[in-house]
Amino acid sequence: MEKLLKSELKTSVLKAFGSSGGGCISQGQSYETDHGRVFVKINNKPQARTMFEGEMASLIAIQQTNTLRVPQPIKYLKMKSLFKYSAKLGEQVADLHLYNQKLGEKIKKEENTVGKGAGQTEPHHVDKFGFHNVTCCGYIAQVNEWQSDWPTFFIRHRLQAQMDLIERDYGDREARELWSRLKPKIPEMFCDLEIIPALLHGDLWAGNVAEDESGPILFDPACFYGHSEFELAISMMFGGFSSSFFSAYHSKIPKAPGFEKRNKLYQLFNYINHWNHFGTGYRGPTLNVMRKLLK
């Protein structure tokens, strides 16, 4: 590994410092190199390349919006747990979610303007739901095939894809029966709601945010263009963020009617994803959310 890293990083110095670490999916280590400090993520699973390529495409997509800081590939950021900048993170996540909408509004105003200039460094305006790369939430690859309709994208490429894995690995009869009843009811939750594709981090839980002296930082993204509310579901789970984050966020993007029920629906995705990653400890919460949504 040391020889490979020296070659890839084009460095004669490769000195590990700090403790090795990692999350639930990958391991990591910080190194001193000829070019400064780097953090190297390591994963030995067969799908690791797909996961890391999706993460890099996601980091680049967020960087191009100039709304939030994320690690620059091959650049070191000294980070600590989010505390001081929770409200600022809420504002910046809202800015990220509004970026594509505002870009569309700007393009409409400038329809007669010719020239590319600064636009070359900006993402193109997107009018569908999906992403140009496969991304991974955890280590599970997510199909991001473009769809013009959000409920179709969410049911097909998020919930159904996860339920197919549950069926394959567990053949859980109760989960299958509840899902068959819930699936046709999902489009009703989006009636009379205009959803403009928003660039999402895709896995915005407390373990994927930090801060330094300059402000908040996001990492480990699994980006796609989707409904902004999807992002908030996991932000309320597994420890969650402080109330200042949500207050700041909703000052820019107020809750739409039906928010609470849709939030449960989006949390369902995360529970199923955790069941697929970590086992049947998440079966109970998954089935409970399905039952609540069917009431």
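Residues numbered from 1 in each chain as written. Predicted model: local features only at pLDDT ≥ 70, side-chain atom pairs only at ≥ 80, totals over all residues. Heavy atoms only, no water.

- As named in an unreviewed UniProt entry, the chain is protein-ribulosamine 3-kinase, taken from Podarcis muralis.
- The heading Sequence similarities (unreviewed entry) in the UniProt record of the chain holds the text "Belongs to the fructosamine kinase family." (UniProt positions renumbered as here; feature names shortened; annotations may be inferred.)

1. Concerning the packing of aromatic side chains
At step 1: Summed over all chains, the structure comprises 21 aromatic pairs.
At step 2: Ring centres of Phe190 and Tyr266 lie 6.4 Å apart, and the angle between their planes is 50 degrees; this geometry places the pair in the tilted category. Note that Phe190 is positioned in the loop between helix H5 (173-182) and strand S6 (198-200) and Tyr266 in helix H8 (residues 259-278), a separation of 76 residues in sequence. No difference in accessibility class separates Phe190 from Tyr266, as the two residues are buried. (Phe/Tyr/Trp six-rings, centres within 6.5 Å; stacked < 30°, edge-to-face > 60°. Helix = DSSP H or I, 4+ residues; strand = E, 2+ residues; numbered from the N terminus. Buried < 20%, exposed > 50% of the residue type's maximum accessible area, 1.4 Å probe, protein only.)

2. Remarks on the pairing of strand S8 (residues 215-218)
At step 1: Bridging between strand S7 (residues 209-212) and S8 involves four bridges; their strand directions are antiparallel. Note that in S8 the partner of Asp212 across the bridge is Gly215.
At step 2: The hairpin turn running from S7 into S8, its antiparallel successor, is two residues long. (Pairing = 2+ DSSP bridges.)

3. Side note on the environment of Pro257
At step 1: The topology assignment puts Pro257 in the loop between helix H7 (243-252) and H8.
At step 2: The spatial distance from the C-alpha of Pro257 to the C-alpha of Phe190 is 9.7 Å, given a sequence separation of 67 residues.

4. Some thoughts on the nonpolar core
At step 1: Counting 62 residues, the largest nonpolar core has Trp150, Leu159, Leu182, Phe190, Leu265, Leu268 and Met290 as the members making the most contacts within it.
At step 2: If you tally residues by element for this core, the top one is H8, at eight residues.
At step 3: Excluding residues within four positions of it along the chain, Phe190 makes contact with Trp150, Pro151, Ile195, His227, Arg262, Leu265 and Tyr266. (Core = buried A, V, L, I, M, F, W, Y, C linked by side-chain atoms within 4.5 Å. Contact = heavy atoms within 4.5 Å.)

5. Details of the confidence of the model for the chain
At step 1: For the chain, per-residue confidence averages 89 on the pLDDT scale, and 89% of positions sit at 70 or higher.
At step 2: Segment residues 116-120: pLDDT under 50, and zero contacts once partners within four positions in sequence are set aside and those in other chains are kept. (pLDDT = per-residue confidence, 0-100.)

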